[in-house]
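# Geometric and topological summary
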Amino acid sequence: MRKPEKYSERYEMQSTTPQEVVRVNGLYKKYSGSSVYAVENVTFSCYEGEIVGLLGHNGAGKSTTLKCIEGMLPFSGGEIYINGHDIKKDPVKAKQSMGFVTDNHAVFIKMTGIQYLSFMADAYKVPTKRRAERLKKLEEVFCLGDAVNNLISSYSHGMRQKICMMGSLIHMPKLWIMDEPMTGLDPRTMRAVQNFMHEYVAMGNCIIFSSHALHTVARICDRVVLIRKGKQISDLNVKAMVEDPSFDFEEFFLEGEREAAEEALNDRAGLSAVQTEDDQ
Amino acid sequence: MKEKINFHLIKTLLKKQFIERTYGYKRKNFDVVGFILRLAIIAMLMTVFIIFFGRFMDIYISVKDGGAVNVPLRLGELLSIVYTIVIIFMTISAISRINHEIFNADDIKTFAAMPIGAKSLFISKLIVIYLNQLVFSAVAVLTVNITVAIHSAVSPLFFVFTVPACFVLPLITIAIGSVLALPFNLLSRFLQSKFVINFILVTAIAGGLFYLYSIILGGVKEMLLGDSLRYFFNEARMSAIAGAVSYMYPAKWFANMFTGTEYLVSGLGIVAVLAVCLVLSVVIINYILRGALQSRVAGTQRFIRRSKPLSNCKSGFFALVKKEFLLIFRTPSYMFSYFSVAVIMPLMVYFCMSISSSLVTTLVGLECNPELALFLTLLFGALTNVFCATNISRDGQMFYTVKAMPFGYKTVFFSKVFLCMLVTVVSQLATAVLLASTGYLVWYSALFIFIVGTLFGFVHVCVATRYDFNHARFSTEDDGEIKESDNVVSALIVLGLLVSVLVGGAVFVIRLIMLLFNSDFGYATYLIAGGAAVVSSVLAYLYLIGKLGKKYYEFEGGEL
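Residues numbered from 1 in each chain as written. Chains lettered and ligands numbered in written order. Predicted model: local features only at pLDDT ≥ 70, side-chain atom pairs only at ≥ 80, totals over all residues.

## What about the overall build of chain A?
Helix and strand content of chain A: 10 helices and 10 strands. Taken across its 280 residues, chain A has 47% of its residues classed as buried. The long-range share in chain A, meaning contacts at least 24 apart out of those at least 6 apart in sequence, stands at 72%. (Helix = DSSP H or I, 4+ residues; strand = E, 2+ residues; numbered from the N terminus. Buried ≥ 20, exposed ≤ 12 C-beta atoms within 10 Å, placed from the backbone. Contact = placed C-beta atoms within 7 Å.)

## Details of the overall build of chain B
Counting its regular elements, chain B contains 20 helices and 2 strands. Here chain B holds 560 residues, and the buried ones make up 36% of them. Counting only contacts in chain B whose residues sit at least 6 apart along the sequence, the fraction spanning at least 24 positions is 83%.

## With respect to the interface of chain A and chain B
Taken together, the contact between chain A and chain B spans 40 residues of the former and 35 residues of the latter. Only helix 3 (91–96), helix 4 (113–123) and helix 5 (128–142) of chain A provide two or more residues apiece to the side of chain A that touches chain B. Partitioning the side of chain A that touches chain B into residue classes produces 21 nonpolar, 13 polar and 6 charged. (Nonpolar A, V, L, I, M, F, W, Y, C, P; charged D, E, K, R; others polar.)

## What about the environment of Ala319 of chain B?
One can find Ala319 of chain B in helix 12 (residues 316–329). Note: C-alpha distance between Ala319 of chain B and Ala472 of chain B (153 residues apart in sequence) is 23 Å. Contacts of Ala319 of chain B, omitting those with residues within four sequence positions, involve Phe119, Asp122 and Ala123 of chain A together with Lys314 of chain B.

## Things to note about unusual backbone geometry
Here the amide bond leading from Tyr249 of chain B into Pro250 of chain B is cis, since omega sits at 0 degrees, within 30 degrees of zero. Structurally, Pro250 of chain B is set in the loop between helix 9 (235–245) and helix 10 (251–259). At Asn83 of chain A, a residue that is not glycine, the phi angle is positive and equals roughly 50 degrees. Locating Asn83 of chain A in the fold gives a position in the loop between strand 4 (77–82) and strand 5 (85–86).

## Here's the deal with the domain arrangement of chain A
All names here are of chain A. Each assigned domain of chain A is listed here: domain 1 (1–97 + 174–268) and domain 2 (103–172). Just the C-alpha atoms count here: the centres of domain 1 and domain 2 sit 26 Å apart. Counting only elements with at least two residues in the side of domain 1 that touches domain 2, the list comes to strand 7 (175–179) and helix 7 (187–202). The biggest single contributor to the side of domain 1 that touches domain 2 is helix 7, with 4 residues. (Domains from an automatic or database assignment.)

## Some details on the packing of helix 4 of chain A against helix 6 (residues 157–169) of chain A
Residue and element names in this part refer to chain A. Two elements in contact, helix 4 and helix 6, have axes separated by 8 Å at closest approach and are oriented at 25 degrees. In terms of orientation, helix 4 and helix 6 fall into the roughly parallel class. The chirality of how helix 4 crosses helix 6 is right-handed. Between helix 4, through Gly113, Tyr116, Leu117 and Met120, and helix 6, the contact on the second element is made entirely by Ile163, Met166 and Gly167. In terms of residue class, the contact of helix 4 with helix 6 is built from 5 nonpolar, 2 polar and no charged. (Axes fitted to C-alpha atoms, helices over the stretch in contact; angles between N-to-C directions. Parallel < 35°, antiparallel > 145°, perpendicular 65-115°, else oblique. Left-handed = near helix turned anticlockwise from the far one by under 90°.)

See below:
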């Protein structure tokens, strides 16, 4: 019987577009004190007008990859370019065209929302005359209301997520990076953010985000980079996948997970066989 | 259904508290330097107290009453006053502890959602508060009573009553503390968002306390220098003291028990107070705890502020300085330990100068004001700048967020150093102006002290910042606040003290030698201190920036 074609084989990314915003080339990352790589040989590029999802199980290496791209963490090998600037050699210029939202919503909680946004605007050198208009536009999407004048320490989880997103967008970066962006958002804001993401990339920008929400990824992303145990498994064209009525994203994701589990089982069986032979 | 007390649960809760408390003493986390330093300070304070309180006691009990010495009466008065002070301090500590255990404890929110009865939780919290107060009580009561026993003949009952006093005092102070804990909490919550009022209030209280401390030190000086203290206790003052002591309940009852007067009345008084206190403690703390559980579930207070637009464009450097300022100013513990201390520092130098200047002149017979001022400025400057030992760690996870922003590493570090230097310059300038305007220093000496103080301040800031960066440990608290000092802080306290003692001591000794030999090299003081300040500043700057860019890129510490 012919083996059924796998989703990952059917939708493997074939072509690239020329306007590259991010290039991750052979990225290796090992945490100090650890003997294993958290990220191993990850390579992908992102282009203008694209929304790229990083997908993987817990601890797969998604956040570590994003933190390396953001310049938060050093990496052991490989290279990362943001808008043509090397994050290692020219970090300030590379970071200038990037906005990011971390998974822990790390934000200056002793500031009011408006003070935080002013800080971010200063950090990214947003001209004074553009600030009011940008704030108005972001307020339309995130609807923080009067709470923007309150101390961030009084914000709920979702409100902190919103202020982080607003701060990361105040300079309208070419590249917007988000780690688990939809966590904690109410359905209205979630939908507003999703719509905004499409509008944002339509302006020639690029978004990379990590998520566990498969349906959100399927609905929003143009491409998905699948990472498993720190290794890049595939770079897939999601748009083509979801157009296929027989496509089941959850099944696609689990297919990979099952394979990984089988491999691990085989490896263990192989090891114990070798061990038994040695013992004999 | 009526809630039952679950003793097994209480045991579990106490075990949890024990594990959390002892975590800091585990090998990896143990702050050895801080622990030794704390022990040394406690031992030193106790020794100083035993010596000076003993000496004061000798003077006080020999004050005549109607032409005759009345030791039991004077001892009773003295013990009433001392025990009132002990009760006041223990009550303050109890208020703080009750607030810490109930209103600010991280576990309350978790417990509120778990099947843990308020009664069991209440008892476990009460036991922890009581044990904490018991340690305080034992140290205070034993120190006072041992001193009294050394300096006067006491009956065996004095020793017998010392033990129950240790156990009873905490019950009283917890009860008074629990009554005051709620208004204190309401006040602190009110002030939580009134940062400027909070700052003024805290600084004023700390300044007032230090002024009180200087008065006590002045008394100690008088005691060392001559007989003027004996003449201080004239008839009018003694009758005023006797009048005040007659209202000092319940301390007066404790004093009576120790001195063997009015046993029955005093004993009954203590028992009655104890009964009232027990009821008060149980009712009020239980009420507060239930309220705290509810408020933790319902959420925290919101701050409504005036609407403001986005600010005008500033440089990234000043944005970071403002961020740093807000972080310190809006965190009460940081605000106190840095800004308030920096404001009080000139007063601390001035108070110590006013006491030690005449003391040194009397003891040594020489005037060494510039050297003394330099030593005090360096000492208090170093203690103020100890706060900089958390320059990196207090950012918590935000350090990584800033790292991902388009700031160069020098901008990040120099913004922190800049703010600390701003505080140092203002503090040192105020000190120099105060010492010059009160006549302790001539203007050029004051200017010199300001420059040297500022340069050594720069040394402390640079070394503290870089040392903290090399050993950064981020708080796991939600707000990232650092609530306990660690090895880095303790090491920098020791370093600061060492520098002030070495430099201050060196110029002091050299000045003495010069004066004793009628040498004309008075400017040697300026040469040594100035040279040391310049060389140290250069070295400290080099230490701060040495391979900083590389280290900043490679940074993944703080237990991310």
